[in-house]
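# Commentary on secondary and tertiary structure
One letter stands for each residue in the lines below.
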Amino acid sequence: MSLGSYPGEVDAQRGKRRIVVGYVVFGLPPRLLFALALMAEGPAVLAASELLFTTLTVVALVVLARRPHWYPAIVNALLALIIIENAVPTLLLGGLVQAELAMAWGLLAVIGALVALSLRAAFWWFGIYLVSLIVVTAVADAVEPRYDVAWTSADVASTLVGVTIFSFAAMAYFVRQRDRYQQESDDLLHNILPAEIAARLKADSAMIADDVDSASVLFADIVGFTALSARSGPEQVVRMLDAVFTRLDALVDAFGLEKIKTIGDAYMVAAGIPTRRSDHAQAMARFALAARDELAEHNLTADMPVQLRIGINAGPVVAGVIGRRRFLYDLWGDTVNTASRMESHGLPGQIQISAEFRGLLGEEFICADRGLIDIKGKGPTRCWLLEGERATTPAR
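Model, not experiment: these values are computed from the prediction.

Cis geometry marks the peptide bond from Ile 273 to Pro 274, where omega comes out at -10 degrees. Turning to its location among the elements, Pro 274 is positioned in the loop between β3 (266–271) and α10 (280–297).

Take a look at the structure:
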């Protein structure tokens, strides 16, 4: 199946080429058996023509192996051979019925163009097939048949069965390819947008804009990233970011949160969006503690130690999808701005939270009061440090 492959061959072209190779290779034994049967029972000229067309088909495959970039010309030649190969017995035997409906096999030229070339090529070959069918039928009816072969109903049925099998195989191929590409498209869309938002966007292309009464927003930043990247090579920087963000992605999934985006070395997460949940603050707090401890206990990059600075806020936000070429699900509002300020005015290795977020946590978590911090754009603001979660005492 590697015949005709070449460096840089894309997956779609590889699939088409393999279909062509498979058609020639797996169709060779039954064609040879049919030629031998004709030599034993039918007119010798039909057996000779069958052997000739089979040989030309093999030659086309050899040429494809040696000249892969001739693929379109070789496929078109094979499609022409299909029509000519079945037109010959129709002319020699004096009509469609007398030739066991051999011209029905010409439909494979149309199907082959659709599978191995393009829809446009299939339209051209469909026209060629119709014209050749009309011409061959008219000529065969106008002249005396050269040979008289008594075909049985089983012979005619074998032609119909063969054409049906190839047609079904082609339809199955297209359905499989459609499902594959649809799944790849869905997976890509779900990697860009939350599943709920992706489903809404597929169902209705109208603008998506939601007003969320209460949600938690977290920003995490790698401490000293500018200095780290300045003294490191590009591969080290990308490797570090990939290691950190991949681990954070896993924690997001584990706690049922929603990753919003990354900006440089900053990581943005939301809880309670797009799926509403009453415990969004508790879920976000547990995520923040796990993220802080994960990077502190497991040095993800041996050559570049990583430490996070985390800020969290809670409150109303506006959520929606912007853009048309590259979709982006994003959040806006004072809640988001304050969460960003909590991070930028925070401490290395610590989780700084707002008073609003602290109020939603209740007594389940341990928080230390930092007092009033001068926050850019907000002035003196009371902030807290989230230190841990209280151990729960099992009920007796």
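Attention shifts here to the side chain of Ser 132. The topology assignment puts Ser 132 in helix α5 (residues 119–142). When neighbours within four sequence positions are excluded, Ser 132 is seen to be in contact with Ile 83 and Met 103.

Per the counting criterion, the structure on display carries 2 aromatic pairs. Consider the rings of Phe 255 and Phe 287, whose centres lie 6.5 Å apart with planes at 80 degrees: the pair is edge-to-face. Placement of Phe 255 in the loop between α9 (234–254) and β2 (258–263) and of Phe 287 in helix α10 is noted, with a sequence separation of 32 residues between them. A residue is classified by how much of its surface remains accessible, and Phe 287, at 1% relative accessible area, is buried.

Summarising the model, the protein chain shows a mean pLDDT of 82, and 88% of its residues fall at 70 or more. Looking over the protein chain, one finds the lowest element-wise mean pLDDT in helix α7 (residues 195–203), namely 74, and the highest in strand β6 (residues 351–354), namely 95.

Summed over all chains, the structure comprises 11 salt bridges. The partner of Arg 247 in a salt bridge is Glu 294, and the shortest N-O contact between them spans 2.9 Å. In this pair, Arg 247 is assigned in helix α9 and Glu 294 in helix α10, connecting sequence segments 47 residues apart. Relative accessible area serves as the criterion here: at 16%, Glu 294 is assigned to the buried category. Notably, a salt bridge pairs Arg 286 with Glu 364, separated by 3.3 Å at the nearest N-O pair. Pair noted here: Arg 286 is in helix α10 and Glu 364 is in the loop between α12 (355–361) and β7 (365–375), with a separation of 78 residues, a long-range link. One connected set of salt bridges, linked through shared partners, spans Asp 221, Arg 309 and Glu 343.

Conventions and cut-offs
The residue numbers shown here count from 1 along each chain, following its written sequence. Where totals are concerned, whole chains, interfaces and linings use all residues; where local detail is concerned, this predicted model gives features only for residues with pLDDT of at least 70, and gives and counts side-chain atom pairs only at 80 or more. Only hydrogens and water are set aside when side-chain values are computed; all heavy atoms of the structure are taken into account. Numbering of helices and strands starts at the N terminus; helices are DSSP runs of H or I of at least 4 residues and strands are runs of E of at least 2. Pairs of residues are marked as contacts when any of their non-hydrogen atoms sit within 4.5 Å. For Phe, Tyr and Trp, rings pair up if their centres lie within 6.5 Å, where Trp contributes its six-membered ring, and each pair is then called stacked (planes under 30 degrees apart), edge-to-face (over 60) or tilted (otherwise). Relative accessibility under 20% of the residue-type maximum defines a buried residue, over 50% an exposed one, and the middle range a partly exposed one, all with a 1.4 Å probe and only protein chains included. Per-residue confidence from the predictor is given as pLDDT, running between 0 and 100. For this document, the term salt bridge refers to a Lys or Arg side-chain nitrogen within 4 Å of an Asp or Glu carboxyl oxygen.

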